[in-house]
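One-letter residues, chain by chain:
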Number of protein chains: 2
Amino acid sequence: MEYRRIKDQDKDEDSIHDDVESLRGKPHSGSPKSIVALGGNSGDRTKWKRKSIVTLALTVLTSSQAILIVWSKRAGKYEYSVTTANFLVEALKCALSLAALARIWRNEGVTEDNRLSTTWDEVSVYPIPAVLYLIKNLLQYYIFAYVDAPGYQILKNLNIISTGVLYRIILKRKLSEIQWAAFVLLCAGCTTAQLNPSSDRVLQTSFEGWMMAIIMALLSGFAGVYTEAIIKKRPSRNINVQNFWLYVFGMAFNAIAILVQDFDAVLNKGFFHGYSSITVLMILNHALSGIAVSMVMKYADNIVKVYSTSVAMLLTAVVSVFLFGFHLSLAFFLGSTVVSVSVYLHSIGKLQR
Amino acid sequence: MEYRRIKDQDKDEDSIHDDVESLRGKPHSGSPKSIVALGGNSGDRTKWKRKSIVTLALTVLTSSQAILIVWSKRAGKYEYSVTTANFLVEALKCALSLAALARIWRNEGVTEDNRLSTTWDEVSVYPIPAVLYLIKNLLQYYIFAYVDAPGYQILKNLNIISTGVLYRIILKRKLSEIQWAAFVLLCAGCTTAQLNPSSDRVLQTSFEGWMMAIIMALLSGFAGVYTEAIIKKRPSRNINVQNFWLYVFGMAFNAIAILVQDFDAVLNKGFFHGYSSITVLMILNHALSGIAVSMVMKYADNIVKVYSTSVAMLLTAVVSVFLFGFHLSLAFFLGSTVVSVSVYLHSIGKLQR
């Protein structure tokens, strides 16, 4: 089992550090700029800094993503085809990964860890997250037969719990008791912050609706945890190569989606029909967010990703007050308080282990 | 300063144990049933058992109290005068304390610790909580000029924070970081559980309204913490004697309230006008709850009291579903989850200190 190998690499609970440790210590890490020479302390600082930067980037990009969606909705309906936009996001991520690689090859030369060519054994797992997301996105069309849109927003918070549980089961990483409590609070806090007078309808969701919501949460959690497993499997492997292979399969599956869903529309109206400057901005933002997610998986983990996107959700609401004159509810303040305490508990929970 | 003495007695953070310890070790503790002879372990168990019983009693009595209020409201309006009922509650508590004392005197004889007579120095602080509650109750009439009733229910949760802060400042007892986080969560969770579509109006509360709510929270928190200080000042003193003196002053101040507010009504319609069997039940329940509060102050503390009454609030809602066909909101489930996590964190926060 592939996962077993990951577990064996990361005997220590604080496995992120281990990953980066082995990345630095790897004998065939050919980089002339290798940080092996750096002392443990400044190495820790470098790791901490990198982890913080990617987490911050993900938070800012995710919250601006939601703001762009609100903005584009205000500007009018989605005129463009979503499948072509998704394809372009994957293509852009591929291009950015290749550009980053080209720069690395120029500076450091081609090595075992940064060369693009790969083995069947390495690449065979990369399509799996793309397939999982595809199934989840297909289910999304059917769940609205059972739940309304605000109810779906509420049920999406089940992702938080499923990610925590699958992170524990699949990656075999432990969370302390306090961190588990913090995770339950994160889910409750995010849901509370999103409460509105019609939210109570979600309690009337049928058994089928609940089942679909739980399956979707598990699919999404599994895709996230599986991606982390793939990326962490070979810590010394350059992240841009790993991203390239992830996104190539993303492109392929989105090309299939265009053929199945929007082939006629694209043929008649053209690929870029309905694109505006805001569409371009959204594609750019999605591409950068996607890369930030991969970076967080490499240098931090799925737990950090969930916290980052949850905090982004709250940031979006606060920014929307200034940008769109949104009004913050008491439930939002209470939910934000609970999320803040959760972030605090997660950090002290780590120290107290 | 009186509090200084209390602090000196309780150098240890886990001061409840100390209190009971010194109660047992006190040389002039004349009780023939003194548990000094018991081993440390069974002593700990006795203390834990007593603490659990009084906490459970307070929780059950508080939640049934709220249910009786709903029941009496359903049966019709309050026909009786509230001031006479409050007076009878205090009188009943006095009588029950005296009955308990009479039994103790018969079994154990009159000792320094269980005799009713007292010094001016001991008794002089007993009227203070009664005065504080009186001021708070008077303010309650005025705050409704600034906040509506559901808003007041929400703002009352400020009591939780004020009790924690005053507990720390006045009794100089420490809460761990996790316990502070748990306390913030308790406040947020209770408020979330009480959310309803009109709750957002509380955000429009004026500065004067907020000030009054904060002052009322401080008065109520101070009265609670001060009562604990009085009761814990002399740990070997029999709780029934301490209760007797607390309740005598409660009776006196409620007698004044009758004279000021309801003198004409009582004179014209009689003292017991509008009393029903449910009124009698409510008075009985209030009296027992009051005694349970004193017991929790003696054998546990204000923090336990706040948790106990908060959990009681949630229990009331659940029981009301069965009794009155109430409907539980999503906000209630989220708030209850946060309160449950808070209780869990409070208990593990203690262990991890």
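The structure displayed is predicted, hence computed values, not measured ones.

Chemist: Mind laying out the overall build of chain A, listing which residues take part and the relevant values?
Modeler: In terms of helices and strands, chain A carries 15 helices and zero strands. The buried share among the 353 residues of chain A stands at 49%. Carbon and sulfur atoms form 65% of the exposed surface of chain A, whose accessible area is close to 17,000 Å².

Chemist: Let's hear about the nonpolar core: which residues, and what values?
Modeler: If you look at the biggest cluster of nonpolar residues, it comprises 84 residues, and the most contacted ones within it are Leu185, Leu186 and Leu345 of chain A together with Leu185, Leu186 and Leu345 of chain B. Dropping the residues within four chain positions of it, Leu185 of chain B is found in contact with Leu185, Val338, Val341 and Leu345 of chain A together with Val338, Ser342 and Leu345 of chain B.

Chemist: Give me the confidence of the model for chain A: which residues, what numbers.
Modeler: Of all residues in chain A, 86% have pLDDT values of 70 or greater, and the mean over the chain is 83. Every residue in residues 1–39 of chain A scores below 50 in pLDDT, and together they form 59 contacts with partners more than four places removed in sequence or on other chains.

Chemist: Describe helix H11 (residues 239–261) of chain A, and please don't skip the residues or the numbers.
Modeler: Compared with an ideal rise of 1.5 Å per residue, which puts 23 residues at 33 Å, H11 of chain A spans 32 Å between its outermost C-alpha atoms and is within 8% of the ideal. Where H11 of chain A starts, the residue carrying a side-chain oxygen 2.7 Å from the main-chain nitrogen of Asn240 of chain A turns out to be Asn238 of chain A.

Chemist: Go over the relation of the copies chain B and chain A with me, naming the residues and quoting the values.
Modeler: Least-squares fitting of chain B to chain A yields an RMSD of 0.0 Å, with the superposition described by an axial translation of 0.0 Å and a rotation of 180 degrees. What we have between these two chains is a two-fold relation. Among all residues of chain B, the one whose C-alpha sits closest to the rotation axis is Pro197 of chain B, at a distance of 2.9 Å. Comparing interface residues between copies, 100% of those in chain B also lie at the interface in chain A; the contact surface is shared.

Chemist: Describe the interface of chain B and chain A, with residues and values.
Modeler: How large an interface is tends to be reported as the accessible area lost when its parts come together. Opposite the 28 residues of chain B that make contact, chain A presents 28 residues. Taking both sides of the interface into account, the surface hidden between chain B and chain A amounts to around 2,300 Å²; carbon and sulfur atoms contribute 78%. Interface area lost by chain B to chain A is led by Leu203, Leu330 and Leu334 of chain B, which between them contribute 22%. Mapped by element, the contributors of at least two residues to the side of chain B that touches chain A are helix H9 (177–193) and helix H14 (330–351) of chain B. Considering each element in turn, the side of chain B that touches chain A owes the most residues, 10 residues, to H14 of chain B.

Chemist: Mind laying out the side chain of Lys298 of chain B, listing which residues take part and the relevant values?
Modeler: When you line up the elements, Lys298 of chain B lands in helix H12 (residues 277–299). Ignoring anything within four residues of it in the chain, the contact list for Lys298 of chain B reads Ile231, Lys232, Arg234, Pro235, Arg237, Ile239 and Gln242 of chain B.

Chemist: A description of the environment of Ala193 of chain A should follow, citing residues and the corresponding values.
Modeler: Residue and element names in this part refer to chain A. Along the chain, Ala193 turns up in helix H9 (residues 177–193). Residue classification places Ala193 among the buried positions, given a relative accessible area of 9%. With near-sequence residues (within four places) excluded, Ala193 lies in contact with Leu314, Ala331, Phe332, Gly335 and Ser336.

Chemist: A description of the packing of aromatic side chains should follow, citing residues and the corresponding values.
Modeler: Residue and element names in this part refer to chain B. A full pass over the atoms with the stated rule returns 20 aromatic pairs over all chains. The interplanar angle of 70 degrees and the centroid separation of 5.2 Å between the aromatic rings of Phe144 and Tyr152 together place this pair among those described as edge-to-face. Consider the rings of Phe222 and Tyr226, whose centres lie 5.8 Å apart with planes at 45 degrees: the pair is tilted. Within this pair, Phe222 and its partner Tyr226 are both found in helix H10 (residues 207–233), separated by four residues, close to a single helical turn. On the accessibility criterion, Tyr226 (8% relative accessible area) is buried.

Chemist: Break down unusual backbone geometry for me, with residues and values.
Modeler: The backbone of Lys172 of chain A shows a phi angle near 55 degrees, a positive value even though the residue is not glycine. Looking at Lys172 of chain A, the relative accessible area reads 39%, which means it is partly exposed.

Chemist: Give a detailed account of helix H14 (residues 302–324) of chain A, specifying residues and quantitative values.
Modeler: Residues and elements named next belong to chain A. Spanning 23 residues, H14 covers 31 Å between terminal C-alpha atoms, matching the ideal 33 Å at 1.5 Å per step. Where H14 begins, one side-chain oxygen reaches toward the backbone nitrogen of Ile303, 3.0 Å away; that side chain belongs to Asp301. One or two steps after H14, the chain reaches Gly325, where phi turns positive at roughly 65 degrees.

Chemist: Outline the packing of helix H4 (residues 82–108) of chain A against helix H13 (residues 277–299) of chain A, listing residues and values.
Modeler: Residue and element names in this part refer to chain A. Two numbers describe how H4 lies on H13: the axes approach to 9 Å, and their chain directions differ by 55 degrees. As judged from the angle between their axes, H4 and H13 are oblique. The chirality of how H4 crosses H13 is right-handed. On the side of H4, the interface is formed by Ala85, Leu88, Val89, Leu92, Lys93 and Leu96, while H13 contributes Ile283, Leu284, His286, Ala287, Leu288, Gly290 and Ile291.

Chemist: So, the UniProt feature "transmembrane region" (unreviewed entry) in chain A: which residues are in play, and what are the values?
Modeler: Residues and elements named next belong to chain A. Following the UniProt record, one finds the feature "transmembrane region" (unreviewed entry) at residues 53–72, 84–105, 178–197, 209–231, 243–260, 272–294, 306–324 and 330–348. Here residues 306–324 runs as 100% helix and 0% strand, with 26 Å between its end C-alpha atoms. Taken end to end, residues 330–348 is 100% helix and 0% strand, and its two terminal C-alpha atoms sit 27 Å from one another.

Reading the values: the criteria
Residues numbered from 1 in each chain as written. Chains lettered and ligands numbered in written order. Predicted model: local features only at pLDDT ≥ 70, side-chain atom pairs only at ≥ 80, totals over all residues. Heavy atoms only, no water. Helix = DSSP H or I, 4+ residues; strand = E, 2+ residues; numbered from the N terminus. Buried < 20%, exposed > 50% of the residue type's maximum accessible area, 1.4 Å probe, protein only. Areas by Shrake-Rupley, 256 points an atom, 1.4 Å probe, with all protein chains shown as cover. Core = buried A, V, L, I, M, F, W, Y, C linked by side-chain atoms within 4.5 Å. Contact = heavy atoms within 4.5 Å. pLDDT = per-residue confidence, 0-100. Expected span 1.5 Å × (residues − 1). Polar contact = N/O pair within 3.5 Å; in protein donor to acceptor, adjacent residues only side chain to side chain. Least-squares fit on C-alpha atoms with pLDDT ≥ 70 in both. Buried area = accessible area lost by both parts, 1.4 Å probe. Phe/Tyr/Trp six-rings, centres within 6.5 Å; stacked < 30°, edge-to-face > 60°. Axes fitted to C-alpha atoms, helices over the stretch in contact; angles between N-to-C directions. Parallel < 35°, antiparallel > 145°, perpendicular 65-115°, else oblique. Left-handed = near helix turned anticlockwise from the far one by under 90°. UniProt positions renumbered as here; feature names shortened; annotations may be inferred.

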